[in-house]
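Overview (structure and organization)
One-letter residues, chain by chain:
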Amino acid sequence: MSDLVSLTKDGDIAVITINNPPVNAMSPGVPEGILASVQAAEKDSAIKGMVLIGGGRTFIAGADIKEFGKITAGQKDRKLGIHPILAVIENCAKPIVCAIHGTAFGGGLETAMACHYRVAVPSALVGQPECKLGIIPGAAGTQRLPRLAGVAVAAEMCAFGDPVPAPKALEAGIIDKLIEGDLLAGAVAFAREKAASGKPPRKTCDQTDKISNAQENETALAAARANVKKRSRNLLAPRKAVDAVEAATKLPFEQGIAKEAELFNDCLFSDQSKALIHVFFGERAVAKVPGIAKDQALIPIKRAAVVGGGTMGGGITMNYANAGIPVLFKEISQEALDRGLGIIKKNYAATVAKGRLTQKQMDERLALIEPVLSFDRFKEADIVTEAVFEEMALKKKVFAELDKVTRPDAILASNTSTLNVNEIASATSRPAQVIGHHYFSPANVMRVIEVVRGDKSSDAVIATSMALSKKLSKVGILVGNCRGFVGNRMFHCYQREAQFLAEEGATIEQIDGALYEFGMAMGPLAVGDLAGLDVGWRIRKEYKHLEPAGIRQPEVADQLCEQGRYGQKTGAGWYKYDLPNRTPIADPAVQKIIEETAAKAGIKRRTISSEEILERTLYALVNEGATILAEGIALRAVDIDMLYILGYGFPAFRGGPMWYADTVGLKKVYDKVCEFEKQHGSLWEPSPLLKELATSGKTFADFDKTKES
Ligand code: 3H9
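Every chain is numbered on its own, with residues counted from 1 as its sequence reads. Two thresholds apply to this predicted model, a pLDDT of at least 70 for residue-level local features and 80 or more for giving and counting side-chain atom pairs, whereas whole-chain, interface and lining totals are computed over all residues. Excluded from the side-chain calculation are hydrogens and water; included are all heavy atoms of the structure.

1. Focus on the overall build of the protein chain
In this description a helix means any DSSP run of H or I spanning at least four residues, a strand means any run of E spanning at least two, and both kinds are numbered starting from the N terminus. A tally of helices and strands in the protein chain yields 30 helices and 17 strands. Over its C-alpha atoms the protein chain spans a radius of gyration of 28 Å, differing by no more than 12% from the 27 Å that the globule rule assigns to 709 residues. If one aligns the C-alpha atoms of the protein chain with their principal axes, the spans along those axes are about 90 × 60 × 50 Å. Out of the 709 residues in the protein chain, the part that is buried amounts to 54%. Contacts between residues were defined by any pair of non-hydrogen atoms, one from each residue, lying within 4.5 Å. Within the protein chain, contacts between residues separated by at least 24 positions form 73% of all contacts whose residues are at least 6 apart in sequence. Counting every atom, the protein chain has about 29900 Å² of accessible surface; 55% of that belongs to carbon and sulfur. Only four residue types enter the charge count: Lys and Arg as positive, Asp and Glu as negative, with His and the chain ends excluded. Just so you know, the charge point we use is NZ for Lys, CZ for Arg, CG for Asp and CD for Glu. Distance between charge centres in the protein chain, computed from 87 positive and 84 negative side chains, equals 2 Å. Put simply, the radius of gyration uses C-alpha atoms, and a globule should come to 2.2 Å times the residue count raised to 0.38. For every residue, the accessible area obtained with a 1.4 Å probe (protein chains only) is divided by the maximum for its type, and the residue is called buried under 20%, exposed over 50%, and partly exposed between those limits. A 1.4 Å probe and the Shrake-Rupley method give the accessible areas. Residues count as covered only by the protein chains that appear here.

2. Considering helix 14 (residues 334-353)
When the terminal C-alpha atoms of helix 14 are compared, their 28 Å separation across 20 residues agrees well with the 28 Å that a helix rising 1.5 Å per residue should span. Along helix 14, the positions that sit buried rather than exposed are Ala 336, Leu 337, Gly 340, Leu 341, Ile 344 and Tyr 348. With its buried residues spanning 130° around the axis, helix 14 presents them on a single face. Those residues of helix 14 that are exposed and angled more than 90 degrees off the buried face are Glu 335, Arg 339, Lys 346 and Ala 353. Summarising the contacts, the buried residues of helix 14 are in contact with helix 13 (311-322), strand 11 (327-330), helix 15 (359-367) and strand 12 (369-372). Among the residues trailing helix 14, Gly 355 stands out with phi positive, at a value near 80°. In this scheme, a helix's expected span is set at 1.5 Å multiplied by one less than its residue total. Picture the helix axis, draw a direction to every C-beta atom, and the arc is the one those directions span.

3. Here we look at the pairing of strand 1 (residues 5-10)
Both faces of the sheet carry side chains from a regular strand, because those side chains alternate between them. Looking at chain direction, strand 1 and strand 2 (residues 13-18) are connected through 6 bridges and run antiparallel. Across the sheet, residue Lys 9 finds its bridge partner in strand 2, namely Ala 14. Strand pairing is defined by DSSP finding a minimum of two bridges between the two strands.

4. Here's the deal with the side chain of Thr 103
Here Thr 103 lies in strand 5 (residues 103-105). Relative accessible area serves as the criterion here: at 17%, Thr 103 is assigned to the buried category.

5. Some details on the site of the ligand
Neighbouring residues of the ligand: 26 residues in total, closest Arg 57, Ala 63, Glu 110, Glu 130 and Lys 288. Separating an oxygen atom of the ligand from a side-chain N or O atom of Glu 110 is a distance of 2.7 Å. Whenever two N or O atoms come within 3.5 Å, that pair is a polar contact, provided that in protein one can donate a hydrogen and the other can accept it, and provided that, for residues adjacent in sequence, both atoms are side-chain atoms. Between an oxygen atom of the ligand and a main-chain N or O atom of Gly 138, the distance comes to 3.0 Å. Here the ligand, which alone exposes 1000 Å², has 76% of that area covered by the protein. Listing elements by their share of the shell around the ligand, those giving two or more residues are strand 5, helix 4 (107-114) and helix 12 (271-285). Of all the elements, helix 12 adds the most residues to the shell around the ligand, at 3 residues. Gly is placed with the polar residues, together with every amino acid not listed as nonpolar (Ala, Val, Leu, Ile, Met, Phe, Trp, Tyr, Cys and Pro) or charged (Asp, Glu, Lys and Arg). Of the residues assigned to the shell around the ligand, the class counts are 15 nonpolar, 5 polar and 6 charged. When we say a residue is near a molecule or strand, we mean one of its heavy atoms is within 4 Å of it.

6. Looking at the nonpolar core
Only buried residues count toward a nonpolar core, which is a set of Ala, Val, Leu, Ile, Met, Phe, Trp, Tyr and Cys residues joined through side-chain atoms within 4.5 Å. In this structure, Ile 34, Met 50, Val 51, Phe 59, Ile 100, Val 126 and Ile 174 are the most contacted members of the largest nonpolar core, which totals 85 residues. Looking at which element gives the most residues to this core, the answer is helix 6 (residues 151-160), with 7 residues.

7. Examining the sheet that holds strand 12
The strand order across the open sheet built from 8 strands is 12-11-10-13-14-15-16-17, with neighbouring strands paired in mixed fashion. The sheet is open, and its two edges are formed by strand 12 and strand 17 (475-479), each paired on a single side. Ignoring strand direction, the axes of neighbouring strands in this sheet form an average angle of 25°. As paired elements, strand 14 (residues 411-414) and strand 15 (residues 434-439) share 3 bridges and run parallel to each other. Paired with Leu 412 across the two strands is Val 434, which belongs to strand 15. Structural elements are reduced to axes, namely lines fitted to C-alpha atoms, with helices fitted over the stretch in contact, and the angle between N-to-C directions of any two is expressed from 0 to 180 degrees.

8. Thoughts on the environment of Gly 141
With respect to the element layout, Gly 141 can be found in helix 5 (residues 141-149). A residue is classified by how much of its surface remains accessible, and Gly 141, at 0% relative accessible area, is buried.

9. Here we look at helix 27 (residues 657-664)
For helix 27, the buried fraction is high: 6 of the 8 residues fall into the buried class. Three or more residues of helix 27 are buried, namely Pro 657, Met 658, Trp 659, Tyr 660, Ala 661 and Asp 662. One or two steps after helix 27, the chain reaches Gly 665, where phi turns positive at roughly 110°.

10. Quick word on a positive patch on the surface
Patch membership requires over 30% relative accessible area and the absence of a salt bridge. Like charges are linked within 9 Å, and nonpolar side chains (Val, Leu, Ile, Met, Phe, Trp, Tyr) within 5 Å. One side-chain nitrogen of Lys or Arg within 4 Å of one carboxyl oxygen of Asp or Glu is enough to make a salt bridge. Judged by side-chain charge, Arg 57, Arg 284, Lys 288, Lys 294 and Lys 470 come together as a positively charged surface patch. Within the secondary structure, Arg 284 sits in helix 12.

11. Some thoughts on empty space enclosed by the protein
Here a cavity denotes grid points, spaced 1 Å and computed from the protein atoms alone, that fit a 1.4 Å probe unable to get out, and a pocket denotes an open set having protein on both sides within 12 Å along at least 5 of 7 lines; residues with an atom within 4 Å of a point are the lining. Grid points are joined across faces, edges and corners, and a volume is the space filled by probe spheres set on the points. Going through the model one piece at a time under the given rule, you end up with 1 cavity of 30 Å³ or more. Volume-wise, the largest cavity comes out at about 30 Å³. In this structure, the largest cavity is lined by His 278, Ala 637, Val 638, Asp 641, Met 658, Trp 659, Asp 662, Phe 700, Ala 701 and Asp 704. If you list the elements that add at least two residues to the lining of the largest cavity, you get helix 26 (637-647), helix 27 and helix 30 (700-705).

12. Looking at the domain arrangement of the protein chain
Domain segmentation is taken from an automatic or database assignment of domains. Looking at the protein chain, the domain boundaries give domain 1 (5-197 + 209-269), domain 2 (304-479) and domain 3 (487-705). The straight-line distance from the C-alpha centre of domain 1 to that of domain 2 is 42 Å.

13. Structural notes on the pattern of salt bridges
Summed over all chains, the structure comprises 49 salt bridges. Its salt-bridge partner being Arg 616, residue Glu 612 comes within 2.9 Å of it at the nearest N-O pair. Residue Glu 612 and its partner Arg 616 are both found in helix 25 (residues 610-631); the two are separated by 4 residues, about one turn of the helix. Just as Glu 612 is buried, Arg 616 falls in that class too. Across the salt bridge formed by Lys 672 and Glu 615, the nearest N and O atoms sit 3.6 Å from each other. On the criterion of sequence distance, the pair formed by Lys 672 in helix 28 (residues 666-680) and Glu 615 in helix 25 is long-range, its members being 57 residues apart.

This is the structure:
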């Protein structure tokens, strides 16, 4: 029929195959190809039924997401034009069976639901993940899904977007049969059976059994709305998705589709959707490193070792075990080793208790972890990750030792969060094999690794680190070597401003509250308490000699540490805590310290607005981010965005700090930064790159385009 869709025959059954690799997205030409095939097969008197199937590794994984940007940029007609095509499928007089393997997502599932029957291999996944892109299903998913699966299931799937395994989809009524073995053969047989039955094909749009009980619908919708409120703070699409499902219960099918289209457009043209689509492609973009060849030979990682059995070391060890990589887990004393292993076991047991892991899987993973007290077997390791205390002298000692006890081709990775990777590498005879792998806490949960290239890190070590990140189910983001790298260097500016604001008159709850409302997972001061204030205190002491004189420094955090207030772990930091309950409680003692500090420093306290809190903290991130970009420490603005979303709780629906700045307008951001420089001095010196982009009407997204290889 076309390159994208082919039509063949298996006896009296037509087989329509979609061939649009890698994921059979519904790019222009695919829906049209399906339509032409269905029409041709309907006309062919020798054909009694049809099978719609995906070629390659999957059924249709959804609409082509790249097309949405063209629509919102006004390059395309706003109408997606899909409904008439799905109507032809549904109204076809011959039975059409959709055969699903891989994923039937978004427009893929919607196409499948317009078919009369659905069969799937047991490993297939179905889902309406549109809300993860800030939109709702736009091809009648919100109307057909409740008709097949009921309102509760449909609202859950459309509002949260999680994939549903085929066996569950069968139970829910979304698919009709599981096919073990050859999917196509099974689907053809199924179509033949339906054609022979003599009954008219079953149309989803006509089914009302599962949406006819008004009371049940109301209860399910109320539960869905309560869930959305709880799980999707600030998000537009999940709310609209439930509204669209509600329309299916109240309106005839055609009117329901019209309502869905209206809600779909509200979402598609929102900033949230643009940001979330940026995040979807961003996650994939950061894996591509300009200058490192795609066919770069990788170092095989068959066995790993981790040095240091504390919280980070334990989490990193779990990552290797979770990926099926045997790992040596090294500590210096039996007591420390037992403690570390105990925490690992406790973490796994908690996951088992939540039903997210079976006991068997837990046992298999634990069996991959070999606790050791010596370096004797480190020659077996293809990679060693060091996770000892954040002190340069100690790290260098460990690396000098690792240089002796590992094979020369092994990768030596440091989990340092701030220290100079070149200096660490200098303790070895093979700096080309040394790299930073900065995990975020808890390392077994957080999905990002800041991969820090030293001046001498080899391409093979960098490429292997990026590939390993994916193998560990993380997103690796390559950055350059500088104090704090990208993430913590920017975070330092953000937290600095939060503390200055406290000294200048904002309350701690006001600062954290404003940023929480903005969408951050936690406010900056509460994050400090969670991470442990002593970590920054130790780093500040380590770097004190580098601080230029006469530059304002926040002082309260050091004073809190001097009083033993390290944050949650000591039951007190910026807040106090009734441990084990970790809910922060405002502490007048801290307020007193802040006021005294401000008075001593001659700071006149004043009323501070939420707007100022947001601008001071967020623009501090952006200004430093721009400097980092200009220095080449981050490759692209999207790398910063992904690091902040995955590592620092920045709201995905804002697209990351640099994307957010683009949405505010760089001119506006730049003007504010200049104003802050006048008020607060040289810490606010505008980044020349920010100035250049702002004054030439460009964006960070434009900057990224100049970096595309
Ligand atoms: C929708 O359907 C709206 C409808 O309701 C309305 C219809 C009118 N489009 O992820 P991978 C690319 S909204 C364009 O690395 P995996 C991806 O960028 C859509 N491109 O593979 C990557 O490109 P590159 C609802 C897409 O095996 C390559 O394919 N559907 C699309 O790890 C490989 O992807 C979704 O939201 C797409 N839809 O995971 C599903 N999908 O190689 C989105 C992928 O240049 N997709 N690409 O970097 C996914 O969740 C995963 O890609 C999937 C495969 C699980 C399918």
